[in-house]
Every structure is written in structure tokens, then in C-alpha cells.
Amino acid sequence: MTGAEAPARQARRFEADRTWVDGVFRDGVAVRVGPDGRILSVGGERPEGDEVVRLAGAALVPACVDAHSHAFQVLLRGRAGGARSFQEWVDGSLYPLVEDLDEDALRASALLAFSEMARSGVAAVGEFHYVHNRKGDHEPQGERYAEVVLQAARAVGLRVALLRTFYDTADRPGRRRFAEGVDRAVAATEALGRRHRGDPHVRVLPAPHSLHGASAVMIRAAAELARGLDCRWHIHLAEQASDVERARALHGATPLAALEALGVLDGRTVLVHGVWLDPMEVALAGRSGAGLVSCPLTNLELGDGVGPVPELVAAGVRVGLGTDANTRPDVYAEMRALELAQRSHRRRMGVLEDRQLLEAGTAGGAALLGFESGRIEAGLLADLVALDLDDPSLWPGAWGDSAGLLHNVVHALRPASAVRALYVGGEPVVEGGRLTRVDLEAVRRGLGG
Ligand SMILES: [Zn+2]
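Residues numbered from 1 in each chain as written. Predicted model: local features only at pLDDT ≥ 70, side-chain atom pairs only at ≥ 80, totals over all residues. Heavy atoms only, no water.

## A short note on the overall build of the protein
Item 1. The number of helices and strands found in the protein is 15 helices and 17 strands.
Item 2. Summarising its shape, the C-alpha atoms of the protein cover approximately 65 × 65 × 45 Å along the three principal directions.
Item 3. Burial status across the protein gives 59% buried among its 449 residues.
Item 4. Long-range contacts, defined as pairs at least 24 residues apart, comprise 75% of the intrachain contacts of the protein with a sequence gap of at least 6. (Helix = DSSP H or I, 4+ residues; strand = E, 2+ residues; numbered from the N terminus. Buried < 20%, exposed > 50% of the residue type's maximum accessible area, 1.4 Å probe, protein only. Contact = heavy atoms within 4.5 Å.)

Written out as C-alpha cells, the structure reads:
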């Protein structure tokens, strides 16, 4: 190099007609984003020299966070299904798919799932990745498949928290794609974490699969690793009523009490589902500082039941949302489903407030994955969505009072037409409703049509 330096990139200033700041839509607010992708200021200064992104007719909101996804499960689409129970679904749909997955299918399905997430306003995904071993001979693939999924998220432009699954129960054929020893799981997670350290777009978190998929030794190893890495760890817990019986049989306790008895339950623990928690466990979750990822559409789809989410929120549990089986990778739909399932279950209305639903789908999920995002606030990552106020799904009320527009966003928004742009770290990933980095037709070809 001759010493000539590239000019420092200027700040980018987003000027939408309406912006969600401090729990309210404000008009005419400027959001300045620095070259590092973080928000410099909200409101106030508008210096000369900023690159201005004028978003006329748009409302700027924090981008969604999808805190629990199994990307490959989009491949369950196009299959008739017909399962009458969760177990029939696992045995007849999920495991046959799992046994057949190869690297190309993992890549293609991840590109599809993440593309759809981006188009529905998701900037960060928690990918609960558990396919580690090769098709057929079940040879371990090291971190290879995890990297395939990770790179797919990066290709689309999303942040990704790789929830690297620990699984050591190989008592059935489908599970041989997942199963490995404790040492291998720890080493692979550490290696992935090392490789991506310092990348603001990637997190690597340990994720023992469940009380039935991971042994006590393995769950303890994952929790220990999370302490060492100073991050949270995720585990499926109490999804089905039968999980309570299984926990009693395996651990002699209800699911959350079992985690406590293992000595691993604390503020780093993130429970996925938590549908079948009793009142003692709700209080225990609150005391422990654990978080919860709720996946309402998947719970409805699989007939899991309706969990005590309002009670958990009242106990102080941080809640995020996940699309899990990805029948529809759309976090706005999850916000809505969370509230509607509660209403149906309790036979009343207004269980969770609109702002709590938006918070769960944005800042709540971000906190549980370890990303500093989810609010439009100086210092946080500029993960933003521009919603088109000319989209009929936001009418009437698009230009009305703040509470009315928020209600439309949470309960009526149709992302396919209303998400005009998605910015991740201030960089466009969706513009004019279209993905900027991947060609959907190529994604379709990768899926074989
Ligand atoms: Zn899951």
C-alpha cells in the first residue's frame, strides 16, 4: 500500500415519516447510523455530509428477531403430512426428512427460510442446529454443516446466533444424524465460537437439545461452556404434556425443577417452549432469571398446548419469539398468534399488550441471543425495518395516533407487501420488498423446483 487511505465512510441518516422511539411513533425523527452499523443518534442533529436515506411514506421500526428456528424444517412443506399426533409427526414426517438431508439440502433450505425471514422483517435468527452427522454412515462432519447454515444466513444478510445443539441420545435411527459425545460437542462449539469471534453478525451458543435428547452430563457441560463463553444457552423444555412425564421418569422431577436439580438453572438459561410449566415452575423461572422463547404458531400446529406466557412475563421472565418449524417464517405472525392463542385458551381478550408483543418479537429475542439490537436507540445495532404506510394492511390508522398504528403492526400487518426495506447494521438486505443479496429463483433451483 502507498499509504493512501480509503476515505472514512460517512454516517447514514434514515429519515422516515414515522419512527418507533421509546415506545411511541414519533414523526420526523432522524436516525443516524455510523460506519460500524450502530445507531449514533436518534432525533436531533442532521449534519451536512451524511448520506441521507429518505423513507417517504414509511414507518421505521426495530427489525424482528427470530429466536428459535430449525431452517431445514421448511422442507416439510410440499409433503402432505397427515400426522394425527406429535409422535406420528416426528416418526412419519420429521425423522424421514432428517435421514435424507445432505449438505445441498441443508444449504437450500436455509437459504429459503432465511430469505423468507428477511422479507418479513427479521434481521437476526437463532438457528437451533442439530444435524451434525453425515447421511447414511452417520460420520461426524465436524463444524461443516453448522458452517453451511451460518453461511446461508450471511449470504442473505442476516445476523445469526448458531444455537449449536448438544445431543447424545441415539436410540432411534433419525437421532443418529444428531448424536455425538460430550467432548466432541464442546470442542465443535468452541471451534465455531473461536472462528467467528469478533464478528458482529455471528454468535455461537451451546444448546443441549432437551431433557430427553441430552444426558445430564451433556446438559451440565453445555451450561458450563456457556459460563466460560459468557453467553446464554438454550434448551427445548416442556413442549408437550408428555415431556412432563418423561422428565419425571428420567429425572424424578418436573422439567424446570429437573434443570434446577442438575444445578444448571440460572440467568443464562433460555427455555424454548415452556408450555407445560406448573405454577411452582413459573415462580422458579422468574427467580432464576431464565428467559423463554415462545413459538406459538408451531405450538398450535403441533397441538402442543398453550403455555403460561403472561404468568411468566409477570414473574419477570424475558420473552422472545421463534418460528421453530418454519411453516411460516414470520415473527409478526408469531406476535399475533401468541396473543390469539392466549385469548382462545382463557376465553377473554387483551391478555398481552401490543407493546409487549412487539417487544417479544424484537428486543426480547435479541437479548436472548446476545445481540445488542431490538430498539431504535443510540449505541444499539441499526437493525431496522421500513414499513410502507401506503400498504392497505396498515389502513386505516397508518397516519393516525401511535397506539392505533402499533395495533395495526402487531395485529394486521402483511409483511409480504408492507415490509419495504430491511436494514441490518444500516445496510440494505431488503429494498423495495426485494432481497438485495440473493436471487430467489436461484434459491428455488437449489430446492429442485
Ligand atoms: Zn425447536
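That shown, we press on.
## A few points about the domain arrangement of the protein
Item 1. The domain architecture assigned to the protein consists of domain 1 (12-62 + 375-435) and domain 2 (64-369).
Item 2. Computed over C-alpha atoms only, the centres of domain 1 and domain 2 are separated by 29 Å.
Item 3. Taken together, the contact pairs 24 residues of domain 1 with 25 residues of domain 2.
Item 4. In total, domain 1 and domain 2 occlude about 2,100 Å² of area from one another, counting both sides; carbon and sulfur atoms represent 64% of this.
Item 5. There are 1 salt bridge connecting domain 1 and domain 2.
Item 6. The closest approach of N and O atoms between aspartate 383 and arginine 159, which form a salt bridge, is 2.7 Å. (Domains from an automatic or database assignment. Buried area = accessible area lost by both parts, 1.4 Å probe. Salt bridge = Lys/Arg side-chain N within 4 Å of Asp/Glu carboxyl O.)

## Here's the deal with the sheet that holds strand E9 (residues 202-208)
Adjacent strands of a sheet form backbone hydrogen bonds with each other and so pair up, either parallel or antiparallel.
Item 1. With parallel pairing, the 4 strands of this open sheet are ordered in space as E6-E7-E8-E9. Edge positions in the sheet fall to strand E6 (64-69) and E9, since each has one partner strand and no second. On average, each strand axis in the sheet is tilted by 15° relative to the strand beside it, whichever way the strands run.
Item 2. The pairing of strand E7 (residues 122-129) with strand E8 (residues 159-166) spans 6 bridges and is parallel. Following the sheet pairing, alanine 124 is matched in E8 by arginine 159.
Item 3. Sitting on the sheet, helix H11 (residues 331-346) touches E6 and E7, and the angle it makes with E6 is about 80°. (Pairing = 2+ DSSP bridges. Axes fitted to C-alpha atoms, helices over the stretch in contact; angles between N-to-C directions.)

## A short note on the environment of isoleucine 39
Item 1. Take isoleucine 39: it is sitting in strand E4 (residues 39-42).
Item 2. What makes isoleucine 39 buried here is its relative accessible area of 3%.
Item 3. The sequence separation of isoleucine 39 and tryptophan 399 amounts to 360 residues, and the corresponding C-alpha distance is 25 Å.

## So, the coordination of the zinc ion
Note on metal sites: the ideal angle is 109.5 degrees for four tetrahedral donors, and 90 or 180 degrees for six octahedral donors.
Item 1. Donor atoms from the polypeptide that bind the zinc ion are His68 (NE2), His70 (NE2), His236 (NE2) and Asp324 (OD), placed at 2.1 to 2.6 Å.
Item 2. Geometry at the zinc ion is irregular, judged from the 4 donor atoms that bind it and their angles of 84 to 172° at the metal.
Item 3. Summarised as a motif, the one-chain spacing of the donors to the zinc ion is H-x1-H-x165-H-x87-D. Of the two residues, histidine 70 is situated in the loop between E6 and helix H1 (86-100) and histidine 236 in strand E10 (residues 233-237); the sequence distance between them amounts to 166 residues. Comparing histidine 70 with histidine 236, the two get one shared label, buried. (Donors = N, O, S within 2.8 Å, 3.2 Å for Na, K, Ca; no water. Tetrahedral: all angles 85-135°; square planar, octahedral: opposite > 155°, others 65-115°.)

## A closer look at the nonpolar core
Item 1. Among the nonpolar cores identified, the biggest contains 130 residues, and Phe114, Leu259 and Leu422 are the most heavily contacted of them.
Item 2. The two domains that each donate at least three residues to this core are domain 1 (12-62 + 375-435) and domain 2 (64-369).
Item 3. Phenylalanine 114 has contacts with Ser69, Ala71, Val125, Glu127, Val149, Ala152, Ala153, Val156 and Leu158, leaving out every residue within four places of it along the chain.
Item 4. Core analysis: the next-biggest nonpolar cluster, separate from the first, contains 15 residues, Phe14, Ala58, Leu384 and Tyr423 among them. (Core = buried A, V, L, I, M, F, W, Y, C linked by side-chain atoms within 4.5 Å.)

## Here we look at the pattern of salt bridges
Item 1. On inspection of all chains with the given rule, the structure shows 32 salt bridges.
Item 2. The partner of glutamate 15 in a salt bridge is arginine 13, with the nearest N and O atoms 2.8 Å apart. This pair shows no difference in class: glutamate 15 is buried, exactly as arginine 13 is.
Item 3. The partner of aspartate 104 in a salt bridge is arginine 107, and the shortest N-O contact between them spans 3.2 Å. With aspartate 104 and arginine 107 both in helix H2 (residues 103-119) and 3 residues apart, this pair spans about one turn of that helix.
Item 4. Its relative accessible area of 51% is what places aspartate 104 among the exposed residues.

## Regarding the side chain of aspartate 50
Item 1. With respect to the element layout, aspartate 50 can be found in the loop between E4 and strand E5 (51-62).
Item 2. Here the side chain of aspartate 50 touches arginine 13 through a polar contact of 3.1 Å, side chain to side chain.
Item 3. Among the polar contacts listed, one links the side chain of aspartate 50 to the side chain of arginine 32, at a separation of 2.6 Å.
Item 4. With sequence-adjacent residues up to four places away left out, aspartate 50 is seen in contact with Gln10, Ala11, Arg13 and Arg32. (Polar contact = N/O pair within 3.5 Å; in protein donor to acceptor, adjacent residues only side chain to side chain.)

## As for the sheet that holds E10
Item 1. Within the open sheet, the 4 strands sit side by side as E10-E11-E12-E13. Their pairing is parallel. The open sheet has two edge strands with one neighbour each: E10 and strand E13 (318-321). Strand-to-strand twist across the sheet, computed as the mean angle between neighbouring axes with direction ignored, equals 30°.
Item 2. Of the strand pairs in this sheet, strand E11 (residues 269-273) and strand E12 (residues 291-294) are connected by 3 bridges, and their pairing is parallel.

## Topic: unusual backbone geometry
Item 1. With omega at -20°, the peptide bond leading from tryptophan 395 into proline 396 counts as cis.
Item 2. Its location among the elements puts proline 396 in the loop between strand E14 (384-388) and helix H13 (402-411).
Item 3. Residues other than glycine seldom take positive phi values, yet aspartate 22 does so here, at roughly 50°.
Item 4. Exposure remark for aspartate 22: the relative accessible area of 65% places this residue in the exposed category.
Item 5. Residues other than glycine seldom take positive phi values, yet histidine 138 does so here, at roughly 60°.
Item 6. When you line up the elements, histidine 138 lands in the loop between E7 and helix H3 (144-156).
Item 7. Here histidine 138 falls in the partly exposed class, since its relative accessible area comes to 25%.

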